Structure formats: C-alpha cells, structure tokens
Amino acid sequence: MRDVSGHDIALNECASVHGATTWQQQPYLSSGGDPAVLEIYTFAGPAAANTAYDRVRSGMSSCQATSRALQSTHHITADAVSQQTADAPGAAAFERTWTGVEGVSAPGKQTNHLYLAAHGTSLLVLHFDELASGSAAVPYDVHQDSNVLSLLTNLPAGQAGTR
C-alpha cells in the first residue's frame, strides 16, 4: 500500500483518481493473455470516496470525445468508441475500443475495460486491456459486466469496506 496524498493517479487518458490517501494494486494473470489489475484507493471519508467515484465516472462518460481529440492531436484516425456497459448502485463499467496513443495506454488497436465501485472510504477500480497483439482468441463479452460489478460491490469488508 502506498501513501499517495496530494497526488492524482491517472487510470487512463480519460479519468484520474483525485484525493486518495493510499493506493494498493493487485495484478491478476489470465491464461488468455490479458492481465487485470485491481486497484483500491482509500480516502479520508465516504464523501471523498464518492466524489472521486463521481469524477472517474464523469471522465469515463466523456471518454470517447477525449480519446478522439487525443487521436487527432497525434494524427491518428479518430476511431475511439467508448460506452458504459453496466450500472449498479455505486458502481459502473465502461469499455473503450480504439487505436491507442502511446502514453498511459499502449499504442495500437485495443479494447480497454474499466470497472469502478465506491465502498465506504474506498474506491475500487478493476481494469484490463485486450490488445490486438494479445493471445486472447475470443474477445471478452461485456454482457458479463454486471456480474463483475456485483463481485466488486460484494467484496468482503476487510478488502474494500462497505458502502
């Protein structure tokens, strides 16, 4: 767990976590070749965690326009398509398919998946990328995203707190 007081943590080109006091990452490897990362951010109180959740959700809601502007700036065809794929109380899932711009994201064709959930004084962010060069034979089915949100919102209190 890292102390990140006073630092914004960029999740991607569209959203950052602001106001966290600590940040913990847990990577997960898959046999399909697309690793995932669960990040847990803690805040001084539930109001600060909910504000961070709202800011990330807002950034992801405008991610298509943000991504296309970035692509245009880098003289890449503006092909980004971003959408919210699931919603639950205090939780949301997003998908972005685009030709990535090197920086926070990898360059090239990819689909990015991001899930977020507010839990008491914590914000949970789960994300993974499907890169065109990856070994996954079958793309991830976003119809499962509501199940992923259910998993995040029902983590034991010791791992994420309660909302």
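Everything discussed here concerns the structure shown above.
What you see is a predicted model; the values in this text were computed from it and never measured. Residue numbers run consecutively from 1 along every chain, following the written order of its sequence. Local features are withheld for residues below a pLDDT of 70 in this predicted model, meaning they are given only at 70 or higher, and side-chain atom pairs are given and counted only at 80 or more; totals for whole chains, interfaces and linings count all residues. Values shown for side chains rest on all heavy atoms present in the structure; no hydrogens or waters enter the calculation.

Some details on the state of the cysteines
Move 1: Note on disulfides: each one is a pair of cysteine sulfur atoms within 2.5 Å. Within the structure shown, the criterion is met by one disulfide.
Move 2: Covalently, Cys14 is tied to Cys63 through a disulfide, its sulfur atoms 2.1 Å apart. Because the torsion about its S-S bond is 65°, the bridge between Cys14 and Cys63 counts as right-handed. A residue pair is termed long-range when its members are at least 10 positions apart, and Cys14 in the loop between β2 (9-10) and β3 (16-17) and Cys63 in helix α2 (residues 63-73) qualify at 49 residues. Just as Cys14 is buried, Cys63 falls in that class too. The numbering of helices and of strands both runs from the N terminus, where a helix is a DSSP run of H or I of at least 4 residues and a strand a run of E of at least 2. Burial classes follow relative accessibility: with a 1.4 Å probe on protein chains only, a residue under 20% of its type's maximum area counts as buried, one over 50% as exposed, and anything between as partly exposed.

Comments concerning the pattern of salt bridges
Move 1: One speaks of a salt bridge when a side-chain nitrogen belonging to Lys or Arg is within 4 Å of a carboxyl oxygen belonging to Asp or Glu. In this structure the tally under the stated criterion is three salt bridges.
Move 2: With a shortest N-O distance of 2.9 Å, Arg96 and Glu13 are connected by a salt bridge. Of this pair, Arg96 sits in strand β7 (residues 91-100) while Glu13 sits in the loop between β2 and β3; the two residues are 83 residues apart in sequence, bridging distant segments of the chain. As far as burial versus exposure is concerned, Arg96 and Glu13 are alike and both buried.
Move 3: Between Asp79 and Lys109 there is a salt bridge, and its shortest N-O distance comes to 3.0 Å.

Some remarks on the side chain of Asp145
Move 1: Of note, Asp145 is situated in helix α3 (residues 145-153).
Move 2: Lys and Arg are tallied as positive, Asp and Glu as negative. Neither His nor the chain termini are counted. Buried and unpaired, Asp145 has Arg57 as its nearest opposite-charge partner, separated by 12 Å.
Move 3: Here, residues are in contact when the closest pair of their heavy atoms is within 4.5 Å. Filtering out sequence-adjacent residues up to four positions away, Asp145 remains in contact with Thr85, Ala86, Ala93, Tyr115 and Tyr140.

Quick word on the pairing of strand β6 (residues 81-88)
Move 1: Where β6 lies against β7, seven bridges are found, and the strand directions are antiparallel. Across the sheet, the residue bridging to Ala86 is Ala93, located in β7.
Move 2: Criterion used throughout: strands pair if DSSP finds at least two bridges between them. Linkage of β6 to β7, two consecutive antiparallel strands, is achieved through a turn of two residues, within which Gly90 is found at a positive phi near 70°.

Points about the environment of Arg68
Move 1: Its place among the elements puts Arg68 in helix α2.
Move 2: The class of Arg68 is partly exposed, set by a relative accessible area of 32%.
Move 3: Sequence separation of Arg68 and Gly100 is 32 residues, and the distance between their C-alpha atoms is 9.9 Å.
Move 4: Among all residues touching Arg68, those that are not within four sequence positions of it are Ala78, Asp79, Ala80 and Val81.

Focus: the nonpolar core
Move 1: Of all hydrophobic cores here, the largest spans 23 residues; its most connected members are Tyr41, Val56, Leu116 and Leu123.
Move 2: At the level of elements, α1 (46-61), β7, β8 (108-119) and β9 (122-131) are the ones that each hand at least two residues to this core.
Move 3: Of all the elements, α1 adds the most residues to this core, at five residues.
Move 4: Sequence-distant contacts of Leu116, that is, excluding residues within four places in its chain, are made with Tyr53, Val56, Arg57, Gly90, Ala91, Ala92, Phe94, Leu123, Leu124, Val125, Leu149 and Leu152.
Move 5: In this text, buried Ala, Val, Leu, Ile, Met, Phe, Trp, Tyr and Cys residues form a nonpolar core when linked through side-chain atoms within 4.5 Å. By size, the runner-up hydrophobic cluster in this structure holds 15 residues, among which are Ile40, Ala93, Tyr115 and Val148.

Section: the packing of aromatic side chains
Move 1: Classification of ring pairs rests on two measures: the distance between centres of Phe, Tyr or Trp rings, Trp counted by its six-membered ring, which must be within 6.5 Å, and the angle between planes, read as stacked under 30 degrees, edge-to-face over 60 and tilted in between. Taken as a whole and judged by the stated rule, the model has three aromatic pairs.
Move 2: Relative to Phe128, the ring of Tyr115 has its centre 6.5 Å away and its plane inclined at 15°; by these criteria the two rings are stacked. Of the two residues, Tyr115 is situated in strand β8 and Phe128 in strand β9; the sequence distance between them amounts to 13 residues. A single burial state applies to Tyr115 and to Phe128, both of which are buried.
Move 3: When the ring of Phe128 is compared with that of Tyr140, the centres are 5.3 Å apart and the planes differ by 85°; the resulting orientation is edge-to-face. Taken together, the positions of Phe128 in strand β9 and Tyr140 in the loop between β9 and α3 put the pair 12 residues apart, joining distant regions of the chain.

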